[in-house]
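Next come the chains, spelled out residue by residue.
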Amino acid sequence: MKQPTVDIVILNWNGWQETIQCLESIFQLSYPSYRVIVVDNGSTDESQVKLSEFCNKRFDLLFTGENLGYAGGNNVGIRHALAQSDCDYVWILNNDTRVDPKALTSLVDTMKNDPTTGLCGSTILYEDDRHRVQALGGGWYQPATGLSGFYGEGLARNKVDTNIRNKQLDLICGASVLASKEFLQTVGLMDEFLFLYMEEIDWGIRAKKQHFNLSYAKKSIVYHKQGASIGTNDRAGKKTLFSDFYTFRNRIYLTRKHYWYFLPTVYLMMIYSLFKRIVQRRFTAALQILSIMFGCKQKP
């Protein structure tokens, strides 16, 4: 029997070396029926040239022409995948991942075993410490605070309980998420306003509203070099301000979108974060949070 066709979407932004290493691991997959789509998200380095040279018709290479953000860039690839008549699933992978040869097989098998599953996640391990967990499929989200986290994060692989039940999952870790065609056509693509961060939370909320399950394929192993895909590892200060902006702006946005009645408690949590940065003498970061809270700042 023919296996379902999976389109693998990889987003590149100024990281062609990471993307090529990711592709090399993908080409070792044991799963027989997949295509690869690489989307260059307005890179300003040598990515377009290097990826074009490496391509050799082994994958579709798309160019956005500008940085559309994580959501916008991935949506370009997802739309391209859905335009193929035989597309059954779309596997979204961060370009700073390396995949185990059986990773995709386990994801597809898990999805096939539960037709109500819309999104499925992998066991994500840190690339620089393959015995340490980043996420067991996905994680939790607390609407009253706007906070979230991954199950198993930071723990030793041999000391965590991998029996995560579907009902525990509020989100799937975006480093590796398999989406069914039915989910994408019913729930829709990523919310492009988010630009960066929390797309997986929004997708998880929307999935449950449409009665799709979130599942975890624990035998699907993916290694992730956290942070490399968005280029925030250069300087700690820059990373903090950049991350803070989208984290706090998107926290307010998602609360307004899905749980407006929790806005007061979410704002209280942000006030706590504001004062924490003042105590740390990070005044620029504190001012940025204040500007976001009062809607004065929409771009980092």
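Preceding block: the structure.
Residues numbered from 1 in each chain as written. Predicted model: local features only at pLDDT ≥ 70, side-chain atom pairs only at ≥ 80, totals over all residues. Heavy atoms only, no water.

*Asks:* When you look at the pattern of salt bridges in this model, what are you seeing that I'm missing?
*Replies:* Any two side chains of opposite charge can pair, given that their charged atoms come close. Enumeration according to the criterion identifies 13 salt bridges in this entry. Among the salt bridges present, the one from Arg 98 reaches Glu 18, with a minimum N-O distance of 2.7 Å. Placement of Arg 98 in strand E5 (residues 97–99) and of Glu 18 in helix H1 (residues 16–26) is noted, with a sequence separation of 80 residues between them. A salt bridge links Arg 206 to Asp 202; the shortest N-O distance between them is 2.7 Å. Taken together, the residues span about one helical turn, with Arg 206 and Asp 202 both in helix H6 (residues 199–209) at a distance of four residues. (Salt bridge = Lys/Arg side-chain N within 4 Å of Asp/Glu carboxyl O. Helix = DSSP H or I, 4+ residues; strand = E, 2+ residues; numbered from the N terminus.)

*Asks:* In this structure, what is going on with the packing of H1 against helix H2 (residues 47–55)? I would like to understand it.
*Replies:* Packed helix pairs are specified by the crossing angle of their axes together with the interaxial distance, meaning the distance between the axes. At their nearest, the axes of H1 and H2 sit 9 Å apart, and the two run at 25° to each other. Of the possible angle classes, the one that applies to H1 and H2 is roughly parallel. Judged by the twist between their axes, the crossing of H1 over H2 is right-handed. Across the interface between the two elements, Trp 16, Thr 19, Ile 20, Leu 23 and Glu 24 from H1 touch Ser 47, Lys 50, Leu 51 and Phe 54 from H2. For the contact of H1 with H2, the residue count by class is five nonpolar, two polar and two charged. (Axes fitted to C-alpha atoms, helices over the stretch in contact; angles between N-to-C directions. Parallel < 35°, antiparallel > 145°, perpendicular 65-115°, else oblique. Left-handed = near helix turned anticlockwise from the far one by under 90°. Contact = heavy atoms within 4.5 Å. Nonpolar A, V, L, I, M, F, W, Y, C, P; charged D, E, K, R; others polar.)

*Asks:* Explain the nonpolar core to me, please; I cannot follow it from the model alone.
*Replies:* Inside soluble globular proteins, nonpolar side chains tend to come together where they are buried. Counting 49 residues, the largest nonpolar core has Val 90, Ile 92, Leu 119, Phe 183, Leu 184, Trp 203 and Met 270 as the members making the most contacts within it. In terms of residue count, the dominant contributor to this core is helix H8 (residues 263–279) (five residues). With residues near it in sequence (within four places) discarded, Phe 183 still touches Gly 118, Leu 119, Gly 188, Trp 203, Ala 207 and Phe 212. By size, the runner-up hydrophobic cluster in this structure holds 43 residues, among which are Tyr 31, Ala 135, Tyr 141 and Phe 150. (Core = buried A, V, L, I, M, F, W, Y, C linked by side-chain atoms within 4.5 Å. Buried < 20%, exposed > 50% of the residue type's maximum accessible area, 1.4 Å probe, protein only.)

*Asks:* Is there a simple way to explain the pairing of strand E2 (residues 34–40) in this structure?
*Replies:* For a regular strand, side chains alternate in direction, first toward one face of the sheet and then toward the other. Of all seven residues making up E2, five are buried, and the element is well covered by its neighbours. As defined by bridge partners, strand E1 (residues 5–12) adjoins E2 across seven bridges and the pair is classed as parallel. Across the sheet, the residue bridging to Leu 11 is Val 39, located in E2. With H1 bridging E1 and the parallel E2, this β-α-β connection has right-handed handedness. Handedness of the crossover is the feature at issue here: the chain leaves E2, passes through H2, returns alongside strand E3 (residues 60–63), and the resulting connection is right-handed. (Pairing = 2+ DSSP bridges. Right-handed = clockwise from strand over helix to strand, strands pointing away.)

*Asks:* When you look at H6 in this model, what are you seeing that I'm missing?
*Replies:* Note that an α-helix has 3.6 residues per turn; residues three or four places apart therefore point the same way. Where burial is concerned, most of H6 is hidden: nine out of the eleven residues are buried. Turning to H6, its buried residues number three or more, namely Glu 199, Glu 200, Ile 201, Asp 202, Trp 203, Gly 204, Ile 205, Arg 206 and Ala 207. In the segment just after H6, His 211 is the residue with positive phi, at about 65°.

*Asks:* Which parts of the structure should I look at to understand H8?
*Replies:* With 17 residues, H8 ought to run about 24 Å at 1.5 Å a step, and its terminal C-alpha atoms sit 24 Å apart, in line with that. Along H8, the positions that sit buried rather than exposed are Leu 263, Val 266, Tyr 267, Met 270, Ser 273, Leu 274 and Arg 277. Down the axis of H8, the sector holding all buried residues measures 115°, keeping them to one side. In this structure, H8 carries Pro 264, Leu 268, Tyr 272 and Val 279 as exposed residues pointing more than 90 degrees from its buried face. Following H8 by one or two positions, Arg 281 has its phi on the positive side, about 65°. (Expected span 1.5 Å × (residues − 1). Arc of directions from axis to C-beta.)

*Asks:* Looking at this model, I keep getting lost on the side chain of Ser 47. Mind explaining?
*Replies:* Within the secondary structure, Ser 47 is located in helix H2. Only 3.5 Å separates the side chain of Ser 47 from the backbone nitrogen of Trp 16, close enough to count as a polar contact. A distance of 2.7 Å separates a polar atom in the side chain of Ser 47 from a polar atom in the side chain of Asp 45. If we ignore the near neighbours within four places in the chain, the residues touching Ser 47 are Asn 12, Asn 14, Gly 15, Trp 16, Asp 40 and Ser 52. (Polar contact = N/O pair within 3.5 Å; in protein donor to acceptor, adjacent residues only side chain to side chain.)

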